[in-house]
Amino acid sequence: MIFPLGCLAFLSVLVIGARYQSMLRTTKSHKSFEFELAKIDAETSLSTEAQAMRKYYLGLITVTQFEEVKSHTQKSLVAFSDLSLKNQGKENILDREIMVPLSNLRSDVLSGQKRWPEVKEKMNQLNLRLSEIALKNSPYPILSSQAAWLKNYELLQKTYSSAGTFRNDISYTVLRDMPLNSDQFSSLVRSLERADFFREKIKTNFTFTEGSFGFFIGQQSGLWKRVLNHYNQVRGNVGQGRYGVSINKMIATFDKYQLAIAGGIQAYKKYALGESEKILSGSRRTLIWNCVFLSLFILVSTRLSISL
């Protein structure tokens, strides 16, 4: 009787061990998922700050408004560092290679020591460096479902940043109030097409339409139509200059459009994190119940064996 009980105990240990390993993998994938979300947030924050720098050059925002964007970027970078680099004792990498150069660049922008093309190039370099740091320090593999959520989340963030780039290009056109040459016109058209491309991708890629995210999806068509009305008015006078567009009304339209996207981003992030946490909780519950059932089974088997 001892031999069957020994086999049973051995099999129980194997089952519990397998469940425990599965739970560990799920925990690590959830942490990796949080890290990847923070990476996307940090990259978008750098892009948004680059757009804010250009708006500052164009005179569309004040120093106070620029400081608000800066504060948001700092929070995103710190959150990104805390989720992976800090645990590995590597947070100084982000300070040295991203935060310090970014702080110096901000000072150059506010003091007017650098022109926009140079600032744009340096911000692109910082974004590329951030992606390299994230790639080298990505903690663990993620699940296929988590990869799909990340892809959608990145699409939303690109929709937001591409709208900001288009806003800056068309604002430059209106403020300049002069006929565009072919390169400037091509740049304006490309930024419109990129913003429209990501907007269309949202319509085809997302099946999730619950709560505030569904409200965001419903807003897109009407808000984009208003944006296009401003663009068409500019397009009709692109060869003559003197566009006759109210810059304040146009900026207000873009603000509403980007605000709607920002709401959709927050709603989808909450949904994706919630779904990932459900997977993690399910794995933990499975482990606990397996431990309970196997413990009861061993207890009953032992009692019956002793009785016999």
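Residues numbered from 1 in each chain as written. Predicted model: local features only at pLDDT ≥ 70, side-chain atom pairs only at ≥ 80, totals over all residues. Heavy atoms only, no water.

1. Some details on the packing of helix α5 (residues 144-176) against helix α6 (residues 182-205)
Now for step 1: Packing of α5 against α6 leaves a shortest axis separation of 8 Å and a crossing angle of 150°. The orientation of α5 relative to α6 falls into the category roughly antiparallel. When the axes of α5 and α6 are compared, the crossing they make is left-handed. (Axes fitted to C-alpha atoms, helices over the stretch in contact; angles between N-to-C directions. Helix = DSSP H or I, 4+ residues; strand = E, 2+ residues; numbered from the N terminus. Parallel < 35°, antiparallel > 145°, perpendicular 65-115°, else oblique. Left-handed = near helix turned anticlockwise from the far one by under 90°.)

2. So, the packing of aromatic side chains
Now for step 1: For the coordinates displayed, the defined rule picks out 10 aromatic pairs.
Now for step 2: Judged by centre distance (6.3 Å) and plane angle (45°), the rings of Phe-166 and Trp-224 are tilted. Here Trp-224 lies in helix α7 (residues 211-235) and Phe-166 lies in helix α5, a separation of 58 residues in the sequence. Exposure class is identical for Phe-166 and Trp-224. Each is buried.
Now for step 3: Put simply, the rings of Phe-166, Trp-224, Tyr-231, Phe-254 and Tyr-257 touch in pairs and so form one group of aromatic residues. (Phe/Tyr/Trp six-rings, centres within 6.5 Å; stacked < 30°, edge-to-face > 60°. Buried < 20%, exposed > 50% of the residue type's maximum accessible area, 1.4 Å probe, protein only.)

3. Overview of the confidence of the model for the protein chain
Now for step 1: For the protein chain, the mean per-residue pLDDT works out to 84, and 85% of the residues sit at or above 70.
Now for step 2: Element-level pLDDT for the protein chain is lowest in helix α1 (residues 2-58), with a mean of 79, against a maximum mean of 92 in α5. (pLDDT = per-residue confidence, 0-100.)

4. Here we look at the side chain of Asn-127
Now for step 1: Among the structural elements, Asn-127 can be located in helix α4 (residues 116-137).
Now for step 2: Its relative accessible area of 15% is what places Asn-127 among the buried residues.
Now for step 3: Setting aside residues no more than four positions away along its own chain, Asn-127 makes contact with Glu-43, Leu-46 and Ser-47. (Contact = heavy atoms within 4.5 Å.)

5. Re the pattern of salt bridges
Now for step 1: Applying the stated criterion across every chain yields a total of 14 salt bridges.
Now for step 2: One salt bridge connects Arg-96 with Glu-97, and the closest N-O pair in it is separated by 3.5 Å.
Now for step 3: For Glu-97, a relative accessible area of 22% gives the class partly exposed.
Now for step 4: The partner of Arg-167 in a salt bridge is Asp-255, and the shortest N-O contact between them spans 2.4 Å. (Salt bridge = Lys/Arg side-chain N within 4 Å of Asp/Glu carboxyl O.)

6. Comments concerning the side chain of Ser-45
Now for step 1: Within the secondary structure, Ser-45 is located in helix α1.
Now for step 2: With residues near it in sequence (within four places) discarded, Ser-45 still touches His-72, Thr-73 and Ser-76.

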